[in-house]
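Tertiary structure, described
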Amino acid sequence: MDEVNSNFGRLNMSASEWKPGGTTTALPQQQATRKISQTSVTGSSSSAAIKEFVPGQGWIANVSEQQQSAEEHEYGDGDETFNDNQDYHHDALGADATYDESTVPAGPMPPPPTEPTFRGLHSLGVSDNLWRHYRNLSLESTRQLDPLDPLHHAIPFPYSNAFLLEQEKSREIFGHPSTVFQVTNRQDGHLYSLRRFDTVRSVSPKIAATVLAKWNNVVAPNDGSSSSGPYHPSIVPLSQCFVAQRAVFFVHSYLFGAQSLEHKFSLQQQHTNSHRTNQTLIPEAVLWSIVTQLVSAIRWAHARQLAVRILDWSHVLVTTIPALATESTHASAAAINNDPHHLRVHISGVGILDALEFESRKPVMELQKEDLRRLGRLMLSLCMGTTVTSAITNERESLNSCFAHVDRQYSRDVINLLMNLFAAAPPSIADVSRALVHHSFDQMDATLSALNKTEHALAAEYDSGRALRLLLKLGFVNERPEFGPNNRQWSQSGDCYILTLFRDFVFHQADGAGYPVMDLGHVVTALNKLDVASPEQIVLASRDGQSLMVVTYADVARCLENAFGELTAGAVPTSIVPC
């Protein structure tokens, strides 16, 4: 303690106050004695030296280039002569010298900022709109069936916490009725989409394992194209495929907030010959965004000798880009639906038809051609606002009627692509990709814009995450009533006592009259300096004012790590703590 008190006595309590921006403000009692003429410093009419604040070094003399060149010309170019001049200059700024520390280097001044340079509370985290977006998505993980619902028995181990998403009784897509659940995997804690088929008997465990390996052990093509991982971003990964409870199960990754294209745009299924009246068309920009993302996914699958096979608009999912949700505070749902920058398209259900139709053994080239025909039907369904089936497109008269309707509502590029997709010899996916090159650049611009906004939102959470980690550690240590049966003063001794004083220094500031000082900037600055273990010194005082300590943020960080490590080492497992 004597050494601490001696260090505290060496602090210059009359030092000038340094403020952000590089200037200093002299205290009132100093201003009368800190004026000096420039001639008393250099002995001539040359400009005075500037004192600059350097972190870790304090105030040092900084001689401008013009002054240095003038002194070299007057005293010579030798190092010894120049050092003598610096010694003389230092002596001139001794105890009897006064100077104005607010002097700034000569030259053009930067323009004043147009916006405040301080940070507000809202900048320490994501915006309220983005927070609500993620909160609504997280609420999906809490949905469950009623505990007495018999559907719980339909969920095999290790999945639990089921919630019914869909009971698809139609046989049009897969040929068999199915039930879809939102489930939680007990092994990793993640959410998945589980589809159960009860009427399928042709899928054996060996077939299920073969299909799963086919989609999970994807080999990148040797054509110089880059591989972005085992799955394309627009394809929902297949996680498991197995046989249990005399049923076939397909487990895919779960997409929070996803809706089918059919549900997203509120389009009702009806026959093609039923004309729409006063129904809003899907904007062409949205149409091209959807088609471009689908073509990119098909191109990825075809390059790896796979076929997507699921391109029905009831199984193509669409999500909202989270980063752009911050700009939708005053936007209506219809406006968001019509903005192509907000949409991400995902193909769900891959691998299901490969397993259900495994015995048919269709050639891959034939399946890939069928993918392009399904893409045409999906695109035509979006343009027509109704489900366009293969039976309708096989009739030339019905197909021409659809083309005539599209030609009246959309540009010539749309009808040309549709006619090529429904040609007798459909083009390859490479030909379709070349036809969409201009629209691909628009989609890339939207993706880069979303990426920039995502990085901006992540940067806003950076400080919050670090501060939370420090606050959690401090919360475990500060004011802990006991540490074991024989140590009831642990939090008020050793390193823990310094942490208690630091807690008061950060959060319990008060003015001379004892009123609280709510300075958010002080709290954030102190926590940031603690996080980086800054060597800056601070004075910690006890609540009775009888004890003073001069420590650095690095000392406090060391005390925090030691105390938290000691606490962690002595903790008991949570599984044996009585409730």
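Residues numbered from 1 in each chain as written. Predicted model: local features only at pLDDT ≥ 70, side-chain atom pairs only at ≥ 80, totals over all residues. Heavy atoms only, no water.

1. What about the overall build of the protein?
What counts here: Secondary structure elements are taken from DSSP: a helix is a run of H or I of four residues or more, a strand is a run of E of two residues or more, and numbering for both begins at the N terminus. Accessible area is worked out with a 1.4 Å probe on protein chains only. A residue is then buried under 20% of its type maximum, exposed over 50%, and partly exposed in between. The contact criterion used throughout is that any non-hydrogen atoms of two residues lie within 4.5 Å. Shrake-Rupley sampling with a 1.4 Å probe provides the accessible areas, and residues are treated as covered by the protein chains on show and by no other component.
Within the protein, the secondary structure is distributed over 20 helices and 14 strands. Burial status across the protein gives 37% buried among its 579 residues. If you take every contact in the protein between residues at least 6 apart in sequence, the share linking residues at least 24 apart comes to 66%. As presented, the protein carries roughly 33600 Å² of accessible surface, and 54% of it is formed by carbon and sulfur atoms.

2. Some remarks on the packing of helix α9 (residues 284-303) against helix α12 (residues 364-384)
The geometry of a pair of packed helices is captured by two quantities: the angle between their axes and the separation between those axes. To keep it simple, the criterion reads: A fitted line through C-alpha atoms represents every axis, and for helices the fit uses only the stretch in contact; the resulting angles, taken between N-to-C directions, go from 0 to 180 degrees. Orientation labels follow simple angle bins: below 35 degrees gives roughly parallel, above 145 gives roughly antiparallel, 65 to 115 gives roughly perpendicular, and whatever is left gives oblique.
One way to put it is that α9 packs onto α12 with a least axis distance of 11 Å and a crossing angle of 170°. One element, α9, and the other, α12, form an angle in the roughly antiparallel class. Seen from α9, the contacting residues are Leu287, Trp288, Ile290, Val291, Leu294, Val295, Ile298 and His302; seen from α12, they are Gln368, Asp371, Leu375, Leu378, Met379, Leu382 and Cys383.

3. Points about empty space enclosed by the protein
To keep things clear, this is the line we draw: Method remark: on a 1 Å grid restricted to protein atoms, a set of points is classed as a cavity if a 1.4 Å probe fits but cannot get out and as a pocket if it is open with protein on both sides within 12 Å along at least five of seven lines; lining residues have an atom within 4 Å of a point. Grid points are joined across faces, edges and corners, and a volume is the space filled by probe spheres set on the points.
Counting across every chain of the model gives one cavity of 30 Å³ or more. Approximately 30 Å³ is the volume found for the largest cavity. Contributing to the lining of the largest cavity are Lys214, Gln305, Leu306, Ala307, Asp354, Val364 and Leu367.

4. A few points about the environment of serine 204
Its place among the elements puts serine 204 in the loop between β7 (191-197) and α7 (205-216). Accessibility expressed as a relative area gives 27% for serine 204, which makes it partly exposed. Residues serine 204 and alanine 355 lie 151 residues apart in sequence; the distance between their C-alpha atoms is 9.1 Å.

5. Focus: the packing of aromatic side chains
To be explicit about the condition: Pairs were defined over the aromatic rings of Phe, Tyr and Trp, the Trp ring being its six-membered one, requiring ring centres within 6.5 Å. Orientation was assigned from the angle between planes: stacked under 30 degrees, edge-to-face over 60, tilted for the rest.
Under the definition given, this model contains twelve aromatic pairs. Geometrically, the ring pair formed by phenylalanine 476 and phenylalanine 564 is tilted, given 6.2 Å between the ring centres and 55° between the ring planes. Of the two residues, phenylalanine 476 sits in helix α17 (residues 437-477) while phenylalanine 564 sits in helix α20 (residues 553-569), which places them 88 residues apart along the sequence. An aromatic cluster is built from Tyr159, Tyr192, Phe242 and Phe249, whose rings are joined through pairwise contacts.

6. Some details on the sheet that holds strand β9 (residues 247-253)
What holds strands together in a sheet is hydrogen bonding between their backbones, with the strands either parallel or antiparallel. The condition that has to hold: Any two strands are treated as partners once DSSP identifies two or more bridges connecting them.
Judged by pairing direction, the sheet is antiparallel, and its five strands sit side by side in the order β5-β6-β7-β9-β8 without closing on themselves. The sheet terminates laterally at β5 (159-168) and β8 (238-244), the two strands that pair on one side only. In this sheet, neighbouring strand axes are inclined to one another by 25° on average, regardless of whether the strands run parallel or antiparallel.

7. A short note on the pattern of salt bridges
Our working rule: Basic side-chain nitrogens of Lys or Arg form a salt bridge, by our definition, when they fall within 4 Å of a carboxyl oxygen of Asp or Glu.
Applying the stated criterion to the full structure yields 14 salt bridges. A salt bridge links aspartate 504 to arginine 503; the nearest nitrogen and oxygen atoms lie 3.1 Å apart. Of the two residues examined, aspartate 504 and arginine 503, each falls in the buried class. Through salt bridges that share partners, Lys214, Arg309, Asp354 and Glu357 make up one connected network.

8. Re the nonpolar core
Selection criterion: Grouping buried Ala, Val, Leu, Ile, Met, Phe, Trp, Tyr and Cys residues that are joined through side-chain atoms within 4.5 Å yields what is termed a nonpolar core.
Counting 68 residues, the largest nonpolar core has Leu261, Leu294, Leu380, Val406 and Val414 as its most contacted members. Per element, the largest residue contribution to this core is eleven residues, and it comes from α9. In this structure, leucine 261 is in contact with Ile290, Trp313, Val316, Val318, Leu378 and Leu382, ignoring residues within four places of it in sequence.

9. Quick look at the sheet that holds strand β11 (residues 316-320)
The strand order β10-β11-β12 describes an open sheet built from three strands, whose pairing is antiparallel. Of all the strands in the sheet, the pair left with one neighbour each is β10 (259-260) and β12 (343-347). As paired strands, β11 and β12 are joined by five bridges and run antiparallel to one another. Within β12, the position partnered with valine 316 by the bridge is isoleucine 347.

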